[in-house]
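Understanding the architecture of this molecule
Chain by chain, the residues:
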Amino acid sequence: MRRTCFFVALLLTVGGLVAAQRLQVAAGVRQFVNVDAPVIALTHVRVIDGTGAPARADQTLLIRDGLIAAVGPSVAIPEGATVIDATGKSVIPGLVMMHEHTYYPTGPNVYGQLGQSFTRLYLAGGVTTMRTGGNVNGVMDITLAKRAAAGEIASPAIDATAPYLNGANSFLQMHSLKDAEDASRQVAYWYEMGATSFKAYMQITRAELGAAIQEAHRRGIKVTGHLCSVTYAEAAALGIDNLEHGFAASTDFVAAKQPDVCPGQGAGQQTIAALDPEGAPFKQLVKTLIDSKIALTSTLTVFETFTPGRPMPLGVEVLVAPLREQYLQTFERTSKSQNSNYTQLFPKLMQLERAFVRAGGTLIAGTDPTGSGGVIPGYSNQRQLELLVEAGFTPLEAITIRTLNGAKYMGRDKSIGSIAVGKQADLVLISGDPSTVIADVRKVDTVFRQGIGFDPAKLIQSVTGRVGLW
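Residues numbered from 1 in each chain as written. Predicted model: local features only at pLDDT ≥ 70, side-chain atom pairs only at ≥ 80, totals over all residues. Heavy atoms only, no water.

Structural notes on helix α3 (residues 140-149)
- For α3, a buried count of 7 out of 10 residues is recorded, marking the element as mostly surrounded by other parts of the structure.
- Of the positions making up α3, those classed as buried are Met140, Asp141, Ile142, Leu144, Ala145, Ala148 and Ala149.
- One or two residues past the end of α3 sits Gly151, with phi positive at roughly 75 degrees. (Buried < 20%, exposed > 50% of the residue type's maximum accessible area, 1.4 Å probe, protein only. Helix = DSSP H or I, 4+ residues; strand = E, 2+ residues; numbered from the N terminus.)

Regarding the environment of Ala195
- Here Ala195 is to be found in the loop between α4 (180-193) and β14 (198-200).
- Look at Ala195 and you get buried, because its relative accessible area is 0%.

A look at helix α8 (residues 280-291)
- Helix length check: α8 (12 residues) gives 16 Å between terminal C-alpha atoms against 16 Å at 1.5 Å per residue, within 8%.
- Of all the residues in α8, the buried ones are Phe282, Leu285, Val286 and Leu289. Summarising the axial view, the buried residues of α8 lie within an arc of 100 degrees, below the 170-degree limit, and thus occupy one face.
- For α8, the elements touching its buried residues are α6 (232-238), β16 (242-244), β17 (295-298) and α11 (342-358).
- Downstream of α8 by a residue or two, Lys293 has a phi angle that is positive, lying close to 60 degrees. (Expected span 1.5 Å × (residues − 1). Arc of directions from axis to C-beta. Contact = heavy atoms within 4.5 Å.)

Remarks on the sheet that holds β16
- Across the sheet, 5 strands lie side by side as β14-β15-β16-β17-β18; this open sheet has parallel pairing. At either end of the open sheet lies a strand with only one pairing partner, and these are β14 and β18 (363-365). Along the sheet, successive strands turn relative to each other by an average axial angle of 30 degrees, direction set aside.
- Note that β17 and β18 share 3 bridges and pair parallel. Looking at β18, one finds that Ser298 is bridged to Ala365. (Pairing = 2+ DSSP bridges. Axes fitted to C-alpha atoms, helices over the stretch in contact; angles between N-to-C directions.)

Some words on the packing of α4 against helix α5 (residues 206-218)
- Direction vectors running N to C along α4 and α5 enclose 30 degrees, while the axes themselves pass 8 Å from each other. Between α4 and α5, the angle is such that the two are roughly parallel. Every pair of crossing elements has a handedness; the one defined by α4 and α5 is right-handed. Residues Ala180, Ala183, Ser184, Val187 and Ala188 of α4 form the contact with α5, whose own contacting residues are Ala207, Glu208, Ala211, Ala212, Glu215 and Ala216.
- A per-class count over the contact of α4 with α5 returns 8 nonpolar, 1 polar and 2 charged. (Parallel < 35°, antiparallel > 145°, perpendicular 65-115°, else oblique. Left-handed = near helix turned anticlockwise from the far one by under 90°. Nonpolar A, V, L, I, M, F, W, Y, C, P; charged D, E, K, R; others polar.)

Here we look at the packing of aromatic side chains
- Tallied over the full model, the rule gives 13 aromatic pairs.
- Centroid distance Tyr103 to Tyr111: 4.9 Å. Interplanar angle 65 degrees. Geometry classified as edge-to-face.
- Residue Tyr111 is classed as partly exposed on the basis of its relative accessible area of 24%.
- Each ring, one from Phe306 and one from Tyr342, has its centre 5.2 Å from the other, and the planes form 55 degrees; the classification is tilted. Residue Phe306 is found in the loop between α9 (300-304) and α10 (321-336), and its partner Tyr342 is found in helix α11; the two are separated by 36 residues along the sequence.
- In this structure Phe306 comes out as partly exposed when scored by relative accessible area, which is 23%.
- Members of the aromatic cluster, each reached through a chain of ring pairs, are Tyr232, Phe247, Phe282 and Phe356.
- Just above the ring of Tyr409 sits the side chain of Lys222; from NZ or CZ to the centre is 4.1 Å. (Phe/Tyr/Trp six-rings, centres within 6.5 Å; stacked < 30°, edge-to-face > 60°. Lys NZ or Arg CZ within 6 Å of the ring centre and 35° of its normal.)

Side note on empty space enclosed by the protein
- Inspection of every chain in the model, using the stated rule, returns 3 cavities of 30 Å³ or more.
- Approximately 60 Å³ is the volume attributed to the largest cavity.
- Looking at the largest cavity, the residues that line it are Glu304, Thr305, Thr307, Pro308, Gly309, Arg310, Pro311, Pro313, Tyr327, Phe331, Thr334 and Ser335.
- Per-element accounting of the lining of the largest cavity gives the leading share, 4 residues, to α10.
- Taken together, the residues that form the lining of the largest cavity break down as 5 nonpolar, 5 polar and 2 charged. (1 Å grid on protein atoms, 1.4 Å probe; cavity = no way out; pocket = protein on both sides within 12 Å on 5 of 7 lines; lining within 4 Å. Points joined across faces, edges and corners; volume = space filled by probe spheres on them.)

Here it is in structure tokens:
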């Protein structure tokens with residue numbers, strides 16, 4: 001009942017079509033809004049609809065009460081509508097990101113909870129829906145999701161993942177499952193608390209993972225995993241829905257791997273760096289994943305920060321001074337590294353993700369703001385698009401991976417993920433043409449969430465120099 005009430009405030013389903021009301025924002029959120037009207041017309045805009053179809057120039061997109069009411073070259077504009085001349089600009093669907101966090105590495109093996117600042121940065125970067133891929137707090141992600149749905153904070157809509165499901169581990173902020181019964185109990189508890197997805201982690205056993213998947217599926221929600229102790233093929237046999245980090249967390253090719261034992265993420269990554277994308281072992285694993293309808297989440301952004309020779313990440317300036325200095329020192333060390341496995345692994349991950357999609361696999365995307373600290377929400381979401389294009393996808397393909405694919409995985413593609421009449425007006429207005437120059441995704445003019453236009457510059461300014469505190 002609580003779960004039903006939570007969504008009714010946001011969406012009503014009528015005849016299979018979504019009827020959403022315009023987002024009602026609280027007084028404290030209004031400072032970030034630059035467009036708020038019952039009817040809005042974007043004129044002379046280039047429409048990149050998220051389906052992979054070619055961009056359509058000189059269109060009019062009409063928003064009415066939080067929904068896309070019309071799209072076309074000759075749409076009649078109602079009297080009294082707020083008209084925005086979007087000449088030279090493009091509109092894409094709001095980004096649907098599938099591996100985000102509201103925490104950040106603030107010290108050795110410790111993560112600070114930054115829900116307030118991070119949600120603003122995600123929204124500023126064009127993210128209108130996000131899944132938190134595991135949390136180390138408990139209730140914060142769930143509370144943020146509820147407050148975002150109610151318009152009480154400037155934030156994307158949030159699919160709140162419960163605390164990690166992990167086996168025996170030494171993480172300070174992570175529970176160790178006792179057994180399969182405990183795994184089922186944790187899923188039941190956090191479902192009742194309001195979690196809408198689950199994530200398994202590196203030390204989980206097959207019995208624990210299987211029990212968690214069974215309990216989650218019984219309740220109609222999905223399970224993803226950043227694995228190590230359990231191989232991808234084993235997880236597929238257990239019915240997992242999604243696997244994180246592309247193939248970087250796969251230990252399927254580690255020689256003499258022991259059941260239910262993580263041989264170390266590095267050991268697995270060495271085998272992936274040496275893997276032949278055209279070889280039979282890789283192709284068999286790809287077939288297993290596709291046959292099992294498992295989506296892979298690309299998180300190239302976090303792996304780029306481990307790789308020597310890559311550019312300085314954008315957005316580091318928003319951090320508090322100690323965290324900014326900490327990351328700049330880390331970046332300098334990484335840049336000078338002569339023996340990093342990521343020199344081979346990073347481009348190989350790109351190749352394998354491309355091969356997976358060519359074979360018919362479903363790729364979704366996230367950023368994972370963890371690692372050494374260079375993955376800054378909002379900025380990294382834009383960077384992930386650029387990296388997908390570097391990996392060999394066209395700009396239109398990359399946009400689809402980041403929008404419609406995520407919406408389909410979440411079962412929300414009738415309401416979000418592409419630009420079509422009747423869908424929710426979750427949109428990103430961009431100065432430029434990212435269908436041809438993907439770097440233009442950084443030129444965000446306005447982010448619409450349920451028809452309310454947010455100013456990215458104001459969102460970023462409100463947290464600059466303070467990210468790391470709240």
